Each structure stands twice: as structure tokens, then as C-alpha cells.
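If you want the building blocks of each chain, they are given just below.
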Amino acid sequence: MRFGVLSERSVRFLLGAGAVTGFFLVWEFLLTFVFTFNPFFITKPSLMWDATGDLILSGELWKDLYISGTPFVFGFAAAVVVGIPLGVVMGWRRRVAFALDPFLTALYASPLVALAPLLIVMFGVGIKGKTILIFLLAVFPFIFNAFAGVRSVDTLLINVVRSLGGKERDLYFKVILPSTLPYIVAGARIAIGRGIVGIIVGEFYAASEGIGHALIWFGDMYQLGHMFVCILVLMIVAVIFTVGLRKAELAIAPWRTQETR
Amino acid sequence: MNRYLSQYRENEEHILGWGFIVLFLLAWELTPHLVALPKGLALFFTTPYHIALKLFDMVTSGEVAFHFYVSGSEFVIGLGLSILVALPLGLVMGRFYTLNAMFDPFVTAFNATPRLVFLPLVVLWFGFGIWSTVVIVFIGALFPLLINTYEGVKNVDRVLVNVVRSFGANEWQLMKIVVLPNSMPYIIAGLRLAIGRAILGVVVGEFFGSDQGVGFLMAEAAGNYIVDVVFAGLILFMGISLVMTMAVKKLEDRLSRWRPEQVKTF
Amino acid sequence: MEPYIRSTDITLTFTPKNRDPVTALKDFRIELNSGEFVSIVGPSGCGKSTFLNVLLGLLKPDMGEMEIGGKKITGPGVERAMVFQEFGLLPWRTVMANVELGPELKGESVASRRPRAQELINLVGLTGFEGHFPHELSGGMKQRVGLARALATDPEVLLMDEPFAALDAQTRDLMQAELLQIWDKHKKTVLFVTHSIEEAAYLSDRVIVMTARPGKTKRIIKINLPRPRGYEMRLSPEFNDIKLDIWNTLKDELNPRE
């Protein structure tokens, strides 16, 4: 589709941006002129704007993000460090995969978030409990995607590299890594979402600070403007990570676009 | 000896798989007998035996039946609603470029964000109880279905569209004969994701926004440090999750008789 | 005699995404007699397939119009059917259901379309494969289904868009011979697009050689070889002369980078 001189991408962008702007404008309009506004039930974009200013100027927003971000980084890093090697070994050694696959699949299938209260009780409301929870949720996508990635390696390519005189090292860096990396990045995308769940569950349950706590607290206080801003911030964070990783996926492996979706 | 060995070889996958699970459970069971747990931990420690006993007890006493019924209803209603909304919307988004470009930022944002983020708001709007959980299940299941339906429609084979149009098919026939069957594998894959998210939705919805259901049972037990019940609930959800996944697999096999073997699962 | 299919000068321009417009056809004109077998050969991208799609009624030309049996073409119609290069079989339908597609879309009942579909399946030599899915068939078998499907609406004109290009050489020879037999028996008008000079020369009454893009007719070559044509004919000096003639007409149009 083509509209005058604009490229397809910019048309797409304008349509999307227009729809989002329109959404907020209609929202504001409806609550100002059409419906009676009940501040205990919903908020308006103008009030969210004020709340944003408040949260930023008071420094609360940054503090909460920092508090929540720290265990996220630790838990996520641990998930990478444990998950990827485990997945690679499972992909490489058939017997290890046989032994671990059903066990891990069962764990992956069970709603481990439900363990949050136990972990909080055992490890406390601070960084430790949250980190372990995030690790527990985020590790599985790394394991299974690294596993699938290694298994997807084309044996023909291995033979090609061997026949051209490639050494073990070359196999790892020229064949296995490039084939596996896109899977791992795709796994990271799933893990991000689960990690955010981990933070929020941890903070819903028992915490006195952090963005998840702020969300609940503003809700309880009926400060819906602030609450909506917290929701919006979390959405933006999630989108930045997800879209960023999708871009990374395409940059790393431009030859495969749709498959990992 | 040789016969046993060849039998082992044949069933190696299952033997190793089950073996590891049994080993894990055994190790867990024996831990308190072998190691002196610190006092804080010992209080919250349970073993597979106790969990199994508790689960059996909960099921036979009928204690769990009501909550199970509640959770099941939330799951079915939420997932059903999401299918009813996602399929038509996905079809329309796949066919109309402008609409798709306009919806895209919303779909991306809501899909990327864990549903849990909306829970406090949903509870505020729909009240404490079943309906909040239904809404959370609905939001969770909606987007994988929507995105996959849309992808399936968008990736429809141009040649097939031309073939059917060349026989004079109208828009509706085109939909029925080409677009929908072509999207089916995508939709099923979306359904598989949606089920996982729906189950998760039931758990978190009931955890924080309900006073009934298996998730609530677990949350309540956790609050009172009754660890057996938490794990029993976990196992229940795990079971449902596995059963549902297998059901979708069956459905997929039934609907994809026409596809070559190697691409059946993706 | 009035030609069965004829066109005024056809011009058609595409605008691909984010690129400059491309004129696929420029003043292309064609006349086909009823029952005639005509091939179009030309360099890649010269608009051969585009023209077939115009004739099929899927594309509207910017200028010019086409008539078939005295009636203007405005869209797809039952008197025309296409055999596609990529087969275009619905993968979720059995052989039988694929062959029945045209009659089904016309609203024919199962009772009336089934016997005819079975007849055509027998004709193309796929008896016993009615319940198979396309992925279970070889390339040659798939295109037999494609042919049977095109014949199922009993069209006057068969449009064939490089139908054998995806097949291996032997299967291709076999299919060509069978196509000639079917053509001979059913007296269809055939417009056959191909890359293969040999194929065009072997099958056709006339060969239209097109120029590079924008495509128009460079020359029309009459193939005065007796019918029925057997495999031996393909080894005769006359046949080779015709091939050489077509090649000499075509070679200046070929782009070495394609």
C-alpha cells in the first residue's frame, strides 16, 4: 500500500502513532464532556500527566525502578548463566536430555509463581527472595530455547565445516553458536515477561518499595492517576525489552525472520 | 544380559526420564533424614510423601472439588471469550492493512506486558472474585490467539488465493476455502500458548483477586504456612496444564492430517 | 474466421512496494483461434505471466481490453481455467476435493461433480490416489491434479503458466506428451507460457516470442510440423531448425544477469 510520497514504514508508524494519540484524546474527551468522571474508578490522561510529573520530580519513580531493577538484573543474569549451559548440554548429550526433559517440562508447565509466598517467607522480602523468584521463572525459557537451538543445528553444516578442515573450536563458533543464538535471544524475550511477573508477584506479596508495590499502594489509596502511570511505565519497560530483543534477533540472524515467533 | 540391554536401549528415553524424576523425589524425601535443616527452613519443609497424602486427602474429602470447579469455570469462560474475540479480530486485522497498522501498537504493548500488571486495576473494576480472574484469563489468552490468527491470515499463500479467485470465488468463499484452513496451524499454535497463559491467569488472578478457587486455596495456605497444600495445588495445576497441552496436541494431529509429518509441530 | 480470443493493445503498469512503477506489458496484442495451441516464450520478467493473469480476469489492464468468444473479459469466468506453475493445490484438501474445487465454487452438488472429477482423475492417470493429500504426491502427480482441476469446469480455454517448470526432465517429457493427447481428445484452446524453447516448439501451433520488459510481441513463429507429434520428431532436423529460429529471435532479449 502506498500513500503519496511516504514510504510504507512511515505510513505504518503514522497510523500507529495516530491511533495511540487518538486513543488518549478520546479518553480525555469522553471523561470530560460525555460521562461523569468518578476519580475512584478511573483516571484521565491529564491527571496521569500530572501524576507523571509528581512521580518524576519527587524521584519516587526512579527509586522504585531501581529497587525493582536490581533483583531483576541478578535473577536474570543467574538464569542466563545457569539456563544456557544446561540447555546446551541437553542439546549436545542425548542421555542428559532424556533424563532432564520430562522433569523440566513438568516444572515449566506448573505455575511456579505460586511458590512466591514460600520463597518470600524463606528468603525474606528483600532482594534475595525476589532474585530467587525471578531466577526460577526466567531460567526455563533459556534452558529450553538453548536446547532447541543446539538440536536445530544442521548436521550437514557440521560435516561441511569438518570436511573443510574445521576444528572443534570452529564447529562451536562457526556453526553451533550462530544457529543457537537466535533461539536464545527468543528465549530471552519470553524470560523478560516472566521476570517482570516475578518482580511484581514478589512485591505484591510483601514489600514496602519497588514499582510493583507502588502499583498496589496507589491502588489502595485510590490515587488512580499515579497507579495508571505505574502500569504505563511497566508496559513501556516491557515493550522496550521485547521490541529491543526482537530487533536484536533480526540483527543477529537476518536470514531467519518468522521462525522463532 | 544382552536381552535386558537391548530392552533398555529401546526404552532408554523413558527409563532415564522417569528415573530422574523418581531420583529427585527420593532425594527430596530423604533430605530431612540425612541433613539437619536450619530451624527456619525446617518449619516450612515438606516432603513428596506428605504432599501426596495431602493431595489425596483434599481430593477424596471433596474439599478441593468446589474450588476446582470455580477455577475450571474461570478458565473456560476466559479462554472461550478470548477465542470469540481473537478469531474475528485477527481475521479482520489480517485482511485490512490500515486497521492492522492502527491496532499494532496496542497489541504489541498488551502482549509484551505481563497481565499481572493490570490485576489491581481489574480488581478495582470487576471486584474481588470470579470475574476479575476471568478478565485476567481473557487478557492473557487473547493476544497469543490474536497475533497468531493475524499472522496466519497475513501469510496466506498468494498462489492459492489466485487459484480460488480464478474459479470465481467470492470474498466469503475465499475466507472459507483458503484463508481459514491456512491459518489453522497458526491458530492452534496460538491456542497452545493461550492455554498456558490462561492457566497462569487463573493462578495469579485467584492469588491476588479472589476468595475462591484452587489458586486462592494455595494463597491462603501459603499465608498460613501450610506448605503441603501449596505444593498439592501446584501439582493440580501442573496436571491440568499437561492434560490441556496433550488435548491441543490431539486436536492438532486431527486437524493437520494434510500436513507432512516433519512440520506438524512448531 | 473470427479469432476466438482477441485483444486490443494491452498496457499494464505495476507499482511494487517502495519502488518505482514497472511497466509489465506495453501494447501487447494477441489473437487465438478456437482449438489452437499457442505458446508464449520470452525473457524472465517480460510479462508473460502477467498477461495470463489478465486473460484469467485476475488483473485489470490500464489500457486495452480483451474479448473471448465476442464477450469482453471483466473477471474470472468458467470458460477459462489456469494450470499454475507452483501447482496451487490446496494442501488441506485431498486429490478428489482439489479436482472438485471449480464445480464446487460454481455451486454444483456432490452428486453431479463427483463422477466427472473421478473421470478426470482417471484421465490424468491418478486412479487410486483420490484420497491422498498433495504432500503425499510427487511433483508430476501434483501437476496432474492441477490439470484435472483445470479441466473439471470444462473450460474452452486452458491457460498454462510454466506448468512443467518445477518438474524433472523426464517427468516433463512425459507430461508434455500426455498434455498433447488430452488436448487432441478434448479440443481445448491452449495458451501455454514457458521458458523452454524445446517445449514451446514441440507443443505449439504457433509460438509468440516476446521482447524484454515492457513486454510486447517480437515475432510470431508458425510451427508447421505434422501432428500427432512423437518423441522421434524432437530429434528431426526440421525440429532443430525451428528451435534455432526461436533461439535466434529470443537471444537478443535475454539479460545475462538473470
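Residues numbered from 1 in each chain as written. Chains lettered and ligands numbered in written order. Predicted model: local features only at pLDDT ≥ 70, side-chain atom pairs only at ≥ 80, totals over all residues. Heavy atoms only, no water.

Engineer: For empty space enclosed by the protein, give the residues involved together with the corresponding values.
Structural biologist: Across all of its chains, the model carries two cavities of 30 Å³ or more by this definition. Of the pockets and cavities examined, the largest cavity occupies roughly 90 Å³. Lining the largest cavity, in full, are Val197 of chain A together with Pro114, Arg115, Leu116, Ile136, Gly140, Arg197, Leu200, Gly201 and Val204 of chain B. At the level of secondary structure, the elements contributing two or more residues to the lining of the largest cavity comprise α8 (130-154) and α10 (171-209) of chain B. Class assignment of the residues belonging to the lining of the largest cavity gives a composition of six nonpolar, two polar and two charged. (1 Å grid on protein atoms, 1.4 Å probe; cavity = no way out; pocket = protein on both sides within 12 Å on 5 of 7 lines; lining within 4 Å. Points joined across faces, edges and corners; volume = space filled by probe spheres on them. Helix = DSSP H or I, 4+ residues; strand = E, 2+ residues; numbered from the N terminus. Nonpolar A, V, L, I, M, F, W, Y, C, P; charged D, E, K, R; others polar.)

Engineer: A description of the sheet that holds strand β1 (residues 5-7) of chain C should follow, citing residues and the corresponding values.
Structural biologist: Residues and elements named next belong to chain C. Here we have four strands laid out as an open sheet, ordered β4-β1-β6-β7, and antiparallel in their pairing. In this open sheet, the two edge strands, each paired with only one partner strand, are β4 (31-32) and β7 (71-72). In this structure, β1 lies alongside strand β6 (residues 66-68), joined through three bridges in antiparallel fashion. Paired with Arg6 across the strands is Glu67, a residue of β6. (Pairing = 2+ DSSP bridges.)

Engineer: How would you sum up the interface of chain B and chain A? Please name residues and give values.
Structural biologist: The interface of chain B with chain A comprises 52 residues on the first partner and 52 residues on the second. Around 4800 Å² of area is buried between chain B and chain A when both sides are counted, 81% of it from carbon and sulfur atoms. Between the two partners, chain B and chain A, sit three salt bridges. The partner of Arg95 of chain A in a salt bridge is Glu12 of chain B, with the nearest N and O atoms 2.2 Å apart. At the junction of chain B with chain A, the criterion picks out five residue pairs in polar contact (both at pLDDT 80 or more). Sorting the residues of the side of chain B that touches chain A by element identifies α2 (12-34), α6 (97-112), α7 (119-126), α8, α10, α11 (214-223) and α12 (227-255) of chain B as the ones contributing at least two each. Per element, the largest residue contribution to the side of chain B that touches chain A is twelve residues, and it comes from α6 of chain B. (Contact = heavy atoms within 4.5 Å. Buried area = accessible area lost by both parts, 1.4 Å probe. Salt bridge = Lys/Arg side-chain N within 4 Å of Asp/Glu carboxyl O. Polar contact = N/O pair within 3.5 Å; in protein donor to acceptor, adjacent residues only side chain to side chain.)

Engineer: Tell me what's going on with the domain arrangement of chain B, and back it up with residues and numbers.
Structural biologist: Residues and elements named next belong to chain B. With domains assigned, chain B is organised as domain 1 (1-45) and domain 2 (48-260). Here the C-alpha centre of domain 2 lies 33 Å away from the C-alpha centre of domain 1. Taken residue by residue, the interface counts four residues in domain 1 and six residues in domain 2. Both sides together, the interface formed by domain 1 and domain 2 hides about 500 Å², and carbon and sulfur atoms give 78% of it. For the pair domain 1 and domain 2, the number of links is zero salt bridges. (Domains from an automatic or database assignment.)

Engineer: A description of helix α4 (residues 48-60) of chain B should follow, citing residues and the corresponding values.
Structural biologist: Residue and element names in this part refer to chain B. Under the 1.5 Å per step criterion, the end-to-end length of α4 is 18 Å for 13 residues, consistent within 8% with the ideal 18 Å. The complete set of buried residues in α4 reads Pro48, Ile51, Leu55 and Met58. Down the axis of α4, the sector holding all buried residues measures 95°, keeping them to one side. Summarising the geometry of α4, the exposed residues directed more than 90 degrees from the buried face are Phe56 and Thr60. Buried residues along α4 sit against α2, α5 (63-95), α11 and α12. (Expected span 1.5 Å × (residues − 1). Buried < 20%, exposed > 50% of the residue type's maximum accessible area, 1.4 Å probe, protein only. Arc of directions from axis to C-beta.)

Engineer: Help me get a handle on the side chain of Arg206 of chain C, residues and values and all.
Structural biologist: All names here are of chain C. Structurally, Arg206 can be placed in strand β11 (residues 206-210). Using a relative accessible area of 13% as the deciding quantity, one classes Arg206 as buried. Within the local environment of Arg206, its side chain forms a polar contact with the backbone oxygen of Glu31, the two atoms lying 2.7 Å apart. When near neighbours in sequence (up to four residues on either side) are disregarded, Arg206 contacts Glu31, Leu32, Glu36, Phe37, Val38, Ser39, Ile220, Ile221, Lys222 and Ile223.

Engineer: Outline the environment of Asp253 of chain B, supporting the account with residue identities and numerical values.
Structural biologist: With respect to the element layout, Asp253 of chain B can be found in helix α12. Taking C-alpha positions, Asp253 of chain B is 23 Å from Leu142 of chain B, a pair spaced 111 residues apart along the chain.

Engineer: With reference to specific residues and values, describe the pattern of salt bridges.
Structural biologist: Residue and element names in this part refer to chain C. Taken as a whole, this structure holds 29 salt bridges over all chains when the rule is applied. Arg93 is paired through a salt bridge with Glu104; the nearest N and O atoms lie 2.9 Å apart. Taken together, the positions of Arg93 in the loop between β8 (80-83) and α2 (95-99) and Glu104 in helix α3 (residues 101-105) put the pair eleven residues apart, joining distant regions of the chain.

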